[in-house]
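Analysis of the macromolecular model
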Amino acid sequence: MPAPADAARFPGRSGTFYARFGKRAFDIVFSLCALVVLSPLLLVLVVFVAATSESVFFGQKRYGRGKRVFRMWKFETMTSETPREGTTEELKSEDVHFTRYGAFLRKYSLNELPQLANILKGDMSVVGPRPAMMVEQELLRLRDENGS
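Just so it is clear, the structure is predicted and the values come from calculations on it, not from any experiment. (Residues numbered from 1 in each chain as written. Predicted model: local features only at pLDDT ≥ 70, side-chain atom pairs only at ≥ 80, totals over all residues. Heavy atoms only, no water.)

In this section: the overall build of the protein. A tally of helices and strands in the protein yields five helices and three strands. The order of α-helices and β-strands along the protein, N terminus first, is α-α-β-β-α-α-β-α. Put simply, of all contacts in the protein between residues at least 6 apart along the chain, 53% involve residues at least 24 apart. A total accessible area of about 9,700 Å² is found for the protein, and carbon and sulfur atoms account for 61% of it. (Helix = DSSP H or I, 4+ residues; strand = E, 2+ residues; numbered from the N terminus. Contact = heavy atoms within 4.5 Å. Areas by Shrake-Rupley, 256 points an atom, 1.4 Å probe, with all protein chains shown as cover.)

What follows is the structure, given as structure tokens:
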């Protein structure tokens, strides 16, 4: 069986064990510790988001490793009228679509904190390419070509 691509980049970490177990162990320990340490902040954010939005969490389908589809979670930052498919950059004026605290949450990337649960679950990793959106077919093609 050929060594994974990581073996070439990390010669001291010969492929299989590190790629499968070491990285996953790091993801579990990191996400658990982060969830524990950040739990007071997460509770405050849940209260603020719940008070200003119709829902607390926003789940978006993404392509993970091996093009496995999963739902990536974030705190809700956009109003219910905002189109859900596509990127935020495609909106004519994204400012009008933010909830009361949405712009603040996005500015400091606090809306991304629920992804710690995705990391703990194994949907994504702390280190690695960002899961591609369903509309990012060109990105997926380029990743396939480059073996990432």
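Here we take up a nonpolar patch on the surface. Side chains of Phe-26, Phe-30, Val-126 and Val-127 sit close together on the surface and give an oily, nonpolar patch of about 330 Å² of accessible area. Position of Phe-30 relative to the elements: it lies in helix H2 (residues 16-52). We classify Phe-30 as partly exposed; its relative accessible area is 37%. (Patch = residues over 30% accessible without salt bridge, like charges linked within 9 Å, V, L, I, M, F, W, Y side chains within 5 Å. Salt bridge = Lys/Arg side-chain N within 4 Å of Asp/Glu carboxyl O. Buried < 20%, exposed > 50% of the residue type's maximum accessible area, 1.4 Å probe, protein only.)

A full pass over the atoms with the stated rule returns four salt bridges. Measuring nitrogen to oxygen at the nearest pair gives 3.6 Å for the salt bridge that ties Glu-112 to Lys-74. In this pair, Glu-112 is assigned in the loop between helix H3 (102-107) and helix H4 (115-121) and Lys-74 in strand S2 (residues 69-75), connecting sequence segments 38 residues apart. Its relative accessible area of 12% is what places Lys-74 among the buried residues. Given the relative accessible area of 24%, Glu-112 is considered partly exposed.

The subject of this paragraph is the pairing of strand S1 (residues 57-63). The element S1 is largely enclosed, with a buried count of five among its seven residues. Bridge analysis of S1 against S2 gives seven bridges, and the strand direction is antiparallel. In the strand pairing of S2, Phe-57 is matched with Phe-75. Between S1 and S2, which pair antiparallel one after the other, the connecting turn spans five residues, and Gly-66 there sits at a positive phi close to 70°. Here two bridges tie S1 to strand S3 (residues 132-133), and the two strands are oriented antiparallel to one another. The partner of Tyr-63 across the bridge, within S3, is Ala-132. (Pairing = 2+ DSSP bridges.)

Below, the discussion takes up the packing of aromatic side chains. This model, assessed by the stated rule, comprises four aromatic pairs. When the centroid spacing of 5.0 Å and the interplanar angle of 55° are considered together, the rings of Phe-104 and Tyr-108 count as tilted. Of the residues examined, Phe-104 reaches a relative accessible area of 46% and is grouped as partly exposed. (Phe/Tyr/Trp six-rings, centres within 6.5 Å; stacked < 30°, edge-to-face > 60°.)

Membership of the largest hydrophobic core comes to 14 residues, with the highest contact counts inside it found for Leu-45, Phe-75, Leu-105 and Leu-113. Among the elements of the structure, H2, S2 and H4 are those that each provide at least two residues to this core. Counting residues per element, this core draws most heavily on H2, which supplies four residues. Dropping the residues within four chain positions of it, Leu-105 is found in contact with Leu-45, Val-49, Phe-75, Glu-76, Thr-77, Leu-110 and Asn-111. (Core = buried A, V, L, I, M, F, W, Y, C linked by side-chain atoms within 4.5 Å.)

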